[in-house]
Amino acid sequence: MPLFRAFARGVSALLHPGRADADLADEVRHYLDEAAAAGQGAGNATALRETVRASGWEHAVETTVADVRYALRGLRRRPAFTLTAVATLALGIGATATVFSVLNPILVEPFPFPDANRLVTLDDRNSDGVPMPATLGTYAELVARTHSFQMLAAADPWRPSLTGITEPERLEGERVTAGYFGLFGALPVVGRDFTPADEQPGAPNVVILSEGLAERRFGGARAILNRPIELGGDLYLVVGVMPRVFANVLAPAAAVWSPVRERPTADFETRQWGHHYQLVGRLTPGSTVESAAREILAVGRAAVPDFPRPTWAGLTNGLLVRPLQEAVTGSARPALLAITLSVLLLLAIASVNVANLLLARGAERHAELAMRVALGAGRGRLLRQVLTESVTLALLGGALGLLLAEAGVHALVAASPPGLPRMDAIRLDPTVSLFALALTTLVGVLVGIAPALAARRGGGAAGLPRDSRRATARSRRTRGALVVAEVSLALVLLVSAGLLFRSVRLLVAVAPGFDPGHVITMQVVEAGHAFDSGPARVAFYDQALDAVRRVPGVASAAFTSLLPLSGEVDAYGYERESAPRPAGGDDGDALRSAVTPGYFATLRIPLIRGRLLDATDRSGAPEAVIINERFARRLFGDRDPVGQRVRFGPEQSGAHAWDEVVGVVGDVKHYSLAVGAPNEFYVVNGQWAWVDNVETLVVRSSGPAAALAPLLQRAIWSVNAHVPIQRVQTMDGFVAASAGNRRFALLAIETFALAALLLAAVGLYGVISGSVTERVREIGIRTALGASPGDVVRQVLRRALGLTAAGAAVGVLGALAATRLLASMLFGVTALDPLTYGAVIAVLGAVAILAAWAPARRAVGVDPTVALRAE
Amino acid sequence: MDQPTTDVIQGTLDLLILKTLSLAPLHGYGIARRIEQVSRGVFSVNPGSLLTALQRLERAGLIDAEWRATENSRRAHFYALTRGGRKRLETEAADWKRRAGAVARLLSAEG
């Protein structure tokens, strides 16, 4: 009750300040009148009112409001200072909050699975050490023979076509072993998980859908549960729906799952022995990544008769065991770390800049504060008021920064290269935002305290002028040092951006081994039982090519099963007739492209020796193969490869005829522009163990390639209206995407570097401008003594360039250390690239001159008589 | 008055106000005057402290304030003890007497 009364009185005083004041005035006047009548002097009415007023709790609120109002008024009076400080803070906070919001789910936050740190991926490695999926045979052997894993599961990419309804579409999906979802601790939101019974050969067709697909195509999870859908012409019963929250990090786009039905047998010419099964495991509590890798290596070296292995899945080198999170995010890590580093640099520059601005403001108001102390202002009150101003500034900057971050997160997600993991989990992180706000407030408090403390030390009015001048000199030195720091940090960022810029330029200039200009590609899928037989598939590709070639503007066209730079991998082991492989040995593997004969002409891949594939190479004819230069050297050294005989993958059983190498073509960058060409071989569609049902149409056009896409689609659908067409992309697009991670990092770091340059320029301008103001008298005297305008300008510029040079010297040292972290992202330049360093230093010098220009002009304009009179 | 006046002992002003008001409702200056008179000029009441204390006691619900018109000024608060104030006065007065007695005994104890 009393508490309520105190609260109500305070609120009432706050809401009706006029009435409260009048009441108090009456009370006080009455008291003083009575006292006066009794012949007692009781003091000053105003002071008395203030004393009483200060005792209520509402007074603290009032003074804070007054302080904030005063601070805002002060900030409004100096719009240049306020705008610069708030914009700087907003930039620093916005950039930091953006970057950490993006990084958190990718690099820091554990994946959203129970005991996510025990989840690992298991990969085979090709002869170049590049990780690749394992085989189902390897999976089966590991399940039976290892003890490091509580669970193991395998997932095989599966892209069924949704048929039997209007708008057929190709779906992303996986065939998974029954434990797959359980391994991630995930359960269907409705329906059931797969069971071992579903894996039995001959079991009914079942699928699990993603919640997204169920809602998009089938009216929701419950509506489609226990109903059949048609995939590729077959009926599948929907037995479950996975919830949206299930983060399927290994195949984020997967919308449909069915059980793996195959069993590995001793027949190696089967899909089960192909490298397309992604293995995941959940370690037992006692196991580590290393111990599991050791166990697999031991198992691999001790083969048992129960588990025969083909040479390409020999397991003798063990498997690559990696924590799931590392495997998924590893490729993005260098770019993201570089971006983190650069945003921290930017934040440091922003903080330094704000400190600089506030110090300048502190020096400017030093006299004001000293005067107020002399006039009897309470020091605590003064301190609180200066702090209020800093904190107000920080909060304004912080709020604006969070708005920036909100926009920045969207921009960054939009600009991110495809395949950056966990993008769906990225949003402006409330923790990060709070942290950024707290950080700026802290910066505000720390920086704000300095002038206030200086004012407290500042003593009486007698010491005022001298003291203020000394403080000014001290603050000038400090500010000079801060500018040096800013310039050096900016240099580190600029050098990083410069190196990346040069890398990307050099990278996109790399010859990919084919001519990407004027080439449009699209993936065509043969869906349904109409394409069950190989000859039917070949016939379709032939007819589709004929239709495509009739489209006006098409110069040449071909199909391929494997497109360079598309991310597709299809590798097979091999053997030579001339050099039988030692038993159990593994020579490595080569990428297979099943193509139609016009492929080389369409992509302009040069023929080095022998002949290209042509219409005579067809099913039934002697099997011809074309290999690339690298593979030719690897297989045959200096000998002429043409006429040599080789066998690949499933052909490597005694009965199969040898393929003859009929030609050698130039190397083509396959994985990325930065990675050397792999071993490659090319066969025609009819001369391989099967005919691929997904191939990419490659068309060279006489005009702009992208415009042709709708016409090409129509041409293909004129042959068969039911084939899904997807991934329509120009070859130039694939080339650009190949530099995607670097471009992404470049975009971010470039932005930060430009912001840093701007901030450093602002800092430099502030300091030079301040020093011109302080030295107006000196400049006036010099001018009076006959210094020319040129002398004055030189003097001002010398200070600016001196600070810049000092900053650059420190910055070069910092850059030498920092750019080492960039090393893995550089291409064609070293981290010490002199051209980059030289250019950056030149840019900084130019910016320093620009920043000093206006103050220098002002210095020239100083009128000696006015300047001398001013003191 | 020859005797030196002192400010009211820290912490006892509330007690003195409550005691004064227990006799009759008064306005602010009346309270000060009464304290000075009853203490025979030993205590002088600082107007700032008094008005602050009155505001505090009112907010604490120990006294009620009521506006009344006065002759020479327009109006003034007349303060009266509440039931809570009376209770508080009893406990505080008993407490004070106990302490004052103890202090007096200590001071009068001869070595």
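Residues numbered from 1 in each chain as written. Chains lettered and ligands numbered in written order. Predicted model: local features only at pLDDT ≥ 70, side-chain atom pairs only at ≥ 80, totals over all residues. Heavy atoms only, no water.

S.K.: Any chance you could break down the overall build of chain A for me, citing the residues and the numbers?
M.R.: Along chain A, the regular secondary structure elements total 25 helices and 24 strands. Per-residue burial over chain A gives 53% buried out of 871 residues. For chain A, the proportion of contacts with a sequence separation of at least 24, taken over those separated by at least 6, is 81%. With the model as given, the accessible surface of chain A reaches about 37,500 Å², and the carbon-plus-sulfur share is 61%. (Helix = DSSP H or I, 4+ residues; strand = E, 2+ residues; numbered from the N terminus. Buried < 20%, exposed > 50% of the residue type's maximum accessible area, 1.4 Å probe, protein only. Contact = heavy atoms within 4.5 Å. Areas by Shrake-Rupley, 256 points an atom, 1.4 Å probe, with all protein chains shown as cover.)

S.K.: Can you lay out the pattern of salt bridges for me, pointing to particular residues and giving the numbers?
M.R.: Should the charged atoms of two oppositely charged side chains come close, the side chains can pair. Taken as a whole, this structure holds 31 salt bridges over all chains when the rule is applied. Linking B:Asp64 and A:Arg5 is a salt bridge whose minimum nitrogen-to-oxygen distance equals 2.5 Å. Of this pair, B:Asp64 sits in strand E4 (residues 63–69) while A:Arg5 sits in helix H1 (residues 2–15), which puts the two residues in different chains. The buried category is assigned to A:Arg5, whose relative accessible area is 16%. Of the charged contacts in the structure, one is a salt bridge between A:Arg29 and A:Asp26, with a shortest N-O distance of 3.9 Å. Taken together, the residues A:Arg29 and A:Asp26, both in helix H2 (residues 17–37) and three residues apart, mark about one turn of the helix. Exposure remark for A:Arg29: the relative accessible area of 38% places this residue in the partly exposed category. (Salt bridge = Lys/Arg side-chain N within 4 Å of Asp/Glu carboxyl O.)

S.K.: So what's going on with the interface of chain B and chain A? Which residues, and what values?
M.R.: How large an interface is tends to be reported as the accessible area lost when its parts come together. At the interface, 28 residues of chain B touch 26 residues of chain A. Buried surface at the junction of chain B and chain A, summed over both partners, amounts to about 2,400 Å²; 48% is from carbon and sulfur atoms. Area buried by chain B at its contact with chain A is led by B:Tyr29, B:Leu51 and B:Arg59, which between them contribute 32% of it. Seen at the junction of chain B and chain A, the total is five salt bridges. When contributions to the side of chain B that touches chain A are tallied by element, the ones reaching two or more residues are helix H2 (28–38), helix H3 (47–59), E4 and strand E5 (75–81) of chain B. Of the residues forming the side of chain B that touches chain A, the biggest block, eight residues, is contributed by H3(B). Looking at the side of chain B that touches chain A residue by residue, the class counts come to 11 nonpolar, 10 polar and seven charged. (Buried area = accessible area lost by both parts, 1.4 Å probe. Nonpolar A, V, L, I, M, F, W, Y, C, P; charged D, E, K, R; others polar.)

S.K.: Describe the pairing of strand E14 (residues 519–525) of chain A, with residues and values.
M.R.: Residues and elements named next belong to chain A. Burial within E14 is extensive, with seven of its seven residues counted as buried. Here E14 shows two buried faces, one formed by Val519, Thr521, Gln523 and Val525 and the other by Ile520, Met522 and Val524. Where E14 and strand E23 (residues 694–701) come together, seven bridges link them in antiparallel fashion. Looking across to E23, one finds that valine 519 is bridged to arginine 700. When E14 meets strand E24 (residues 725–730), the two strands line up antiparallel, connected through four bridges. Looking across to E24, one finds that glutamine 523 is bridged to glutamine 726. (Pairing = 2+ DSSP bridges.)

S.K.: Quick rundown of the pairing of strand E19 (residues 624–628) of chain A? Include the residues and the values.
M.R.: Residues and elements named next belong to chain A. For E19, the buried fraction is high: five of the five residues fall into the buried class. Of the two faces of E19, the one holding Ala624, Ile626 and Asn628 and the one holding Val625 and Ile627 are both buried throughout. Where E19 meets strand E22 (residues 680–684), two bridges bridge the pair, whose relative direction is antiparallel. Paired with isoleucine 627 across the strands is phenylalanine 681, a residue of E22.

S.K.: Before we move on, can you summarise the confidence of the model for chain A with the specific residues and values?
M.R.: In this model, chain A carries an average pLDDT of 84, and 93% of its residues clear a pLDDT of 70 or more. In this model, residues 458–466 of chain A is a region of pLDDT below 50 whose contacts with residues beyond four sequence positions or in other chains number six contacts. (pLDDT = per-residue confidence, 0-100.)

S.K.: Please provide a residue-by-residue account of the packing of helix H5 (residues 79–108) of chain A against helix H13 (residues 379–415) of chain A, values included.
M.R.: All names here are of chain A. H13 packs onto H5 with a crossing angle of 45 degrees between their chain directions and a minimal axis gap of 6 Å. For the element pair H5 / H13, the angle class is oblique. Read as a crossing pair, H5 and H13 show a hand that is right-handed. A breakdown of the residues in the contact of H5 with H13 according to their chemical character gives 18 nonpolar, eight polar and one charged. (Axes fitted to C-alpha atoms, helices over the stretch in contact; angles between N-to-C directions. Parallel < 35°, antiparallel > 145°, perpendicular 65-115°, else oblique. Left-handed = near helix turned anticlockwise from the far one by under 90°.)

S.K.: Provide a residue-level description of the packing of aromatic side chains, including the pertinent values.
M.R.: For the coordinates displayed, the defined rule picks out 25 aromatic pairs over all chains. Ring geometry for A:Tyr572 and A:Trp688: centres 5.2 Å apart, planes at 65 degrees, overall edge-to-face. Here A:Tyr572, found in strand E16 (residues 571–576), pairs with A:Trp688, found in the loop between E22 and E23; they are 116 residues apart in sequence, far enough to count as distant. Among the aromatic side chains, those forming a connected cluster through ring pairs are A:Phe111, A:Phe113, A:Tyr180, A:Phe181, A:Phe184, A:Phe194, A:Phe246 and A:Trp257. The cationic tip of B:Arg68 hangs over the ring face of B:Phe78; the distance from NZ or CZ to the ring centre is 4.5 Å. Cation over ring: B:Arg75 sits above B:Trp67, and NZ or CZ is 3.9 Å from the ring centre. (Phe/Tyr/Trp six-rings, centres within 6.5 Å; stacked < 30°, edge-to-face > 60°. Lys NZ or Arg CZ within 6 Å of the ring centre and 35° of its normal.)

S.K.: Got a sec to walk through unusual backbone geometry? Specific residues and values, please.
M.R.: Residues and elements named next belong to chain A. Positive phi is not limited to glycine here, since asparagine 226 has a value of about 65 degrees. Take asparagine 226: it is sitting in the loop between helix H9 (221–224) and strand E9 (228–231). According to the relative accessible area criterion, asparagine 226 is exposed, its value standing at 53%.

S.K.: Can you break down the nonpolar core residue by residue, with the values?
M.R.: By size, the foremost hydrophobic cluster in this structure holds 81 residues, and its most contacted members are A:Ile339, A:Leu346, A:Leu493 and A:Phe752. Those elements giving two or more residues to this core turn out to be H5, helix H12 (333–374), H13, helix H15 (464–508), helix H21 (740–774), helix H23 (789–818) and helix H24 (834–860) of chain A. The element that contributes the greatest number of residues to this core is H21(A), accounting for 17 residues. Look past the residues within four positions of A:Phe752 in its chain and what remains in contact with it is A:Ala95, A:Val99, A:Ile339, A:Ser342, A:Val343, A:Leu346 and A:Leu493. Residues B:Ile17, B:Ile31, B:Ile35 and B:Ala53 belong to the second largest nonpolar core, which totals 29 residues. (Core = buried A, V, L, I, M, F, W, Y, C linked by side-chain atoms within 4.5 Å.)

S.K.: Lay out helix H8 (residues 211–218) of chain A with the relevant residues and their values.
M.R.: Along an α-helix, a turn takes 3.6 residues, which lines up residues three or four apart on a common side. Residues and elements named next belong to chain A. Every buried residue of H8 is accounted for by Glu211, Leu213, Ala214 and Phe218. The buried residues of H8 occupy an angular sector of 165 degrees when the element is viewed end-on, so they sit on one face. Two residues or fewer past H8, glycine 219 is found with a positive phi of approximately 70 degrees. (Arc of directions from axis to C-beta.)

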